[in-house]
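Here is how the chains run, residue by residue.
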Amino acid sequence: MNIDNITPGLRVRIIAGFHSSKIGIVLAKGTQTVLLDIGEPLLISELPVHLEPVPEDTLKPGWEEFEI
C-alpha cells in the first residue's frame, strides 16, 4: 500500500509479520511507518507494504467482531 493513500482512521489488514491477518485502525503515519491500533493493549508500527485496505464495517450498529 502506498503511504500517500493512508490517512488516520483508515481500516487496514496486516498481511505480513507477527500480527498478520489482524485488522487495525491507522492512528498516525510517519515518514516510513504507520502507527496502528489493533484492539490489544499495545500500539504497533508497520511498514505500508505490509498493509492492505479493508472495506468499511459491514456489521449493523451495535455489533462488533472480535477474536476468541
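Anything mentioned here points back to the structure above.
Residues numbered from 1 in each chain as written. Predicted model: local features only at pLDDT ≥ 70, side-chain atom pairs only at ≥ 80, totals over all residues. Heavy atoms only, no water.

**Some thoughts on the overall build of the chain**
Then comes step 1: In terms of helices and strands, the chain carries zero helices and five strands.
Then comes step 2: Scaling as 2.2 N^0.38, a compact globule of 68 residues should have a C-alpha radius of gyration of about 11 Å, and the chain matches this with 12 Å.
Then comes step 3: Along the three orthogonal principal directions, the C-alpha set of the chain runs to about 35 × 25 × 20 Å.
Then comes step 4: For the chain, with 68 residues in total, the buried portion stands at 26%.
Then comes step 5: Put simply, 39% of the contacts in the chain that link residues at least 6 apart link residues at least 24 apart.
Then comes step 6: The distance from the centre of the 5 positive side-chain charges to the centre of the 10 negative ones in the chain is 3 Å. (Helix = DSSP H or I, 4+ residues; strand = E, 2+ residues; numbered from the N terminus. Rg over C-alpha atoms; globule rule 2.2 N^0.38 Å. Buried < 20%, exposed > 50% of the residue type's maximum accessible area, 1.4 Å probe, protein only. Contact = heavy atoms within 4.5 Å. Lys, Arg positive; Asp, Glu negative; His and termini not counted. Charge placed at Lys NZ, Arg CZ, Asp CG, Glu CD.)

**Topic: the nonpolar core**
Then comes step 1: If you look at the biggest cluster of nonpolar residues, it comprises ten residues: I6, L10, V12, I14, V26, V34, L36, I38, I44 and L51.
Then comes step 2: Mapped by element, the contributors of at least two residues to this core are β1 (11-14) and β3 (34-40).
Then comes step 3: No other element matches β3, which puts three residues into this core.
Then comes step 4: Non-local contacts of L51, meaning those with residues more than four positions away in its chain, are made with M1, I6, V12, R13, I14, I15, V34, L36 and E46. (Core = buried A, V, L, I, M, F, W, Y, C linked by side-chain atoms within 4.5 Å.)

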